[in-house]
Amino acid sequence: MAELSFYVGVIGNVISVLVFLSPVETFWRIVKRRSTEQYECLPYICTLMSSSLWTYYGIVTPGEYLVSTVNGFGALAETIYVLIFLFFVPKPRFLKTIILVLALNILFPVIAIAGTRTAFGDAKTRSNSMGFICATLNIIMYGSPLSAIKTVVTTKSVKYMPFWLSFFLFVNGAIWGVYALLVHDVFLLVPNGMGFFLGIMQLLIYAFYRNAKPVVKDVEEALAPSQPLLS
């Protein structure tokens, strides 16, 4: 069983790497157009926060080196995405985005790590408390692509819904859910099980609107404020 869990964990690492690389196409488009347009930064901010704390969890928890290695890579990749987003985000959205980054990617992880180290002297209790925090954040990460649903429903277009991110999050949830069952880690099982079902929901929404006729020629028209008529 231990050998099987190792191989499933390795497969999970490969899938997780694909999750972290799936936004490359989106950010290549952002760089080429020199604008984030109507893309949401929340999925990448949440994934950076989650992968950073999972890296710490893997380091302080014996036998969880597969968790720490892949999430360390993920934290690096997501940091690059968030920095690119900040560089090209339109000025009206910059302040909101930078506040989210400071709060979720710097302040919260520092408080979580310092808080658990201060409050719990026992290493196992400290690991369990961090596992609980990471499990909660993982659920948020899996659901973060749903932040684009308002745009999808309003415009009947999946232009700004990252398909590959949703797809690989779905597969990732399935693989890590199996791994969690094999190693009896409830902190991995609960969020990845929910991630599996959230991934199904996102893919169903994508499939429903993929061939729908957009209500406007371009998404930005639907999201732009109405202009007053000139008299």
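Residues numbered from 1 in each chain as written. Predicted model: local features only at pLDDT ≥ 70, side-chain atom pairs only at ≥ 80, totals over all residues. Heavy atoms only, no water.

So the rule is basically this: UniProt positions are given in the numbering used here, feature names are shortened, and annotations may be inferred rather than shown by experiment.
Within an unreviewed UniProt entry, the label attached to the protein chain reads Bidirectional sugar transporter SWEET, and the organism entered is Eruca vesicaria subsp. sativa. As its UniProt record puts it under Function (unreviewed entry), the protein chain is described as follows: "Mediates both low-affinity uptake and efflux of sugar across the membrane." Its UniProt record gives the protein chain the following Sequence similarities (unreviewed entry) comment, quoted word for word: "Belongs to the SWEET sugar transporter family."

1. Some remarks on the pattern of salt bridges
What counts, and what does not: Basic side-chain nitrogens of Lys or Arg form a salt bridge, by our definition, when they fall within 4 Å of a carboxyl oxygen of Asp or Glu. For each residue, the accessible area found with a 1.4 Å probe, counting protein chains only, is set against the maximum for its type, and the residue is called buried under 20%, exposed over 50%, and partly exposed in between.
In total, this model carries two salt bridges according to the counting rule given. Across the pair glutamate 37 and arginine 29 runs a salt bridge whose closest N-O atoms are separated by 3.3 Å. The salt bridge partner of arginine 33 is glutamate 37, with a shortest N-O separation of 2.8 Å. Overall, glutamate 37 belongs to the buried group, its relative accessible area being 11%. Residues joined by salt bridges that share partners form a network here, namely Arg29, Arg33 and Glu37.

2. Notes on the UniProt feature "transmembrane region" (unreviewed entry) in the protein chain
Our working rule: By the criteria applied, helices consist of DSSP H or I runs no shorter than four residues and strands consist of E runs no shorter than two, each listed in order from the N terminus.
Listed under "transmembrane region" (unreviewed entry) in the UniProt record, and renumbered for this structure, are residues 6-29, 41-59, 65-89, 98-117, 129-149, 161-182 and 188-209. Between the first and last C-alpha atoms of residues 6-29 the distance is 37 Å; the span itself is 92% helix and 0% strand. Helix makes up 100% of residues 98-117 and strand 0%, with an end-to-end C-alpha separation of 27 Å.

3. Concerning unusual backbone geometry
Its identity as a non-glycine residue notwithstanding, arginine 34 has a phi of 55°, on the positive side. Structurally, arginine 34 is set in the loop between α2 (24-33) and α3 (42-60). Under the relative-accessibility criterion, arginine 34 is labelled exposed at 57%. Backbone geometry places histidine 184, a non-glycine residue, at a positive phi of 60°.

4. Thoughts on the packing of α3 against helix α5 (residues 91-119)
The cut-off we apply is this: Only the stretch in contact is used when a helix axis is fitted, and all axes are lines through C-alpha atoms; the angle between N-to-C directions ranges over 0 to 180 degrees. Each angle is binned into one of four classes, with values under 35 degrees roughly parallel, values over 145 roughly antiparallel, values of 65 to 115 roughly perpendicular, and all other values oblique. In this scheme the crossing of two helices becomes right-handed for a clockwise turn of the near helix relative to the far one and left-handed for an anticlockwise turn of less than a right angle. By definition, residues are in contact when any of their heavy atoms lie within 4.5 Å. Only Asp, Glu, Lys and Arg are considered charged in this grouping, and only Ala, Val, Leu, Ile, Met, Phe, Trp, Tyr, Cys and Pro are considered nonpolar; every other residue, Gly among them, is considered polar.
Here α3 crosses α5 at 20°, and the two axes come no closer than 10 Å. One way to sum up the angle between α3 and α5 is to call them roughly parallel. The interaxial crossing formed by α3 with α5 has right-handed handedness. Of α5, the residues touching α3 (which contributes Ile45, Leu48, Met49, Leu53 and Tyr56) are Thr97, Leu100, Val101, Leu104, Asn105, Phe108, Pro109, Ala112, Ile113 and Arg117. The residue makeup of the contact of α3 with α5, split by class, is 12 nonpolar, two polar and one charged.

5. Notes on the packing of aromatic side chains
Put simply, the rule is: Centre distance within 6.5 Å is the pairing criterion for rings of Phe, Tyr and Trp, where only the six-membered ring of Trp is used; planes under 30 degrees apart are then read as stacked, over 60 as edge-to-face, and the remainder as tilted.
Tallying each qualifying case throughout the model produces nine aromatic pairs. Considering the side-chain rings of phenylalanine 27 and tyrosine 81, the 4.9 Å spacing of their centres and the 15° angle between planes classify their relative orientation as stacked. Of this pair, phenylalanine 27 sits in helix α2 while tyrosine 81 is found in helix α4 (residues 65-88), placing the two residues 54 residues apart along the sequence. Judged by its relative accessible area of 3%, phenylalanine 27 is buried. Judged by its relative accessible area of 6%, tyrosine 81 falls in the buried class. Put simply, the rings of Phe27, Tyr44 and Tyr81 touch in pairs and so form one group of aromatic residues.

6. A look at the nonpolar core
The tendency in soluble globular proteins is for nonpolar side chains to be buried side by side. Filter applied, for reference: Put simply, a nonpolar core is a bunch of buried Ala, Val, Leu, Ile, Met, Phe, Trp, Tyr and Cys residues held in one set by side-chain atoms that sit within 4.5 Å of each other.
Among the nonpolar cores identified, the biggest contains 44 residues, and Leu53, Tyr57, Val82, Phe85 and Met130 are the most heavily contacted of them. Elements that contribute at least two residues to this core include exactly α1 (2-21), α2, α3, α4, α5, α6 (123-143), α8 (163-183) and α9 (186-210). Element by element, the count of residues in this core is highest for α4, at 10 residues. Not counting residues within four places of it along the chain, the set of residues in contact with valine 82 comprises Tyr44, Ile45, Leu48 and Val101. Formed by seven residues, the second largest nonpolar core is a distinct cluster that contains Val152, Met161, Ile205 and Tyr206.

7. A closer look at α6
Three- or four-residue spacings in an α-helix give side chains the same orientation, since the helix completes a turn every 3.6 residues. Our working definition: Expected helix span is computed as 1.5 Å times (number of residues minus one). In protein, a polar contact requires one atom able to donate a hydrogen and another able to accept it; more generally it is a pair of N or O atoms within 3.5 Å, and residues adjacent in sequence count only if both atoms are side-chain atoms.
Its 21 residues give α6 an end-to-end C-alpha distance of 30 Å, which sits within 8% of 30 Å, the value for a rise of 1.5 Å per residue. Near the N-terminus of α6, the side chain that reaches the backbone nitrogen of lysine 124, with its oxygen 3.3 Å away, is that of aspartate 122.

8. Remarks on the side chain of serine 51
Assignment of secondary structure puts serine 51 in helix α3. On the basis of relative accessible area, serine 51 is assigned to the buried category, the value being 1%. Polar contacts involving the side chain of serine 51 include one to the main-chain amide nitrogen of alanine 75, which spans 3.5 Å. Apart from residues lying up to four places away in sequence, serine 51 is in contact with Phe20, Asn71, Gly74 and Ala75.

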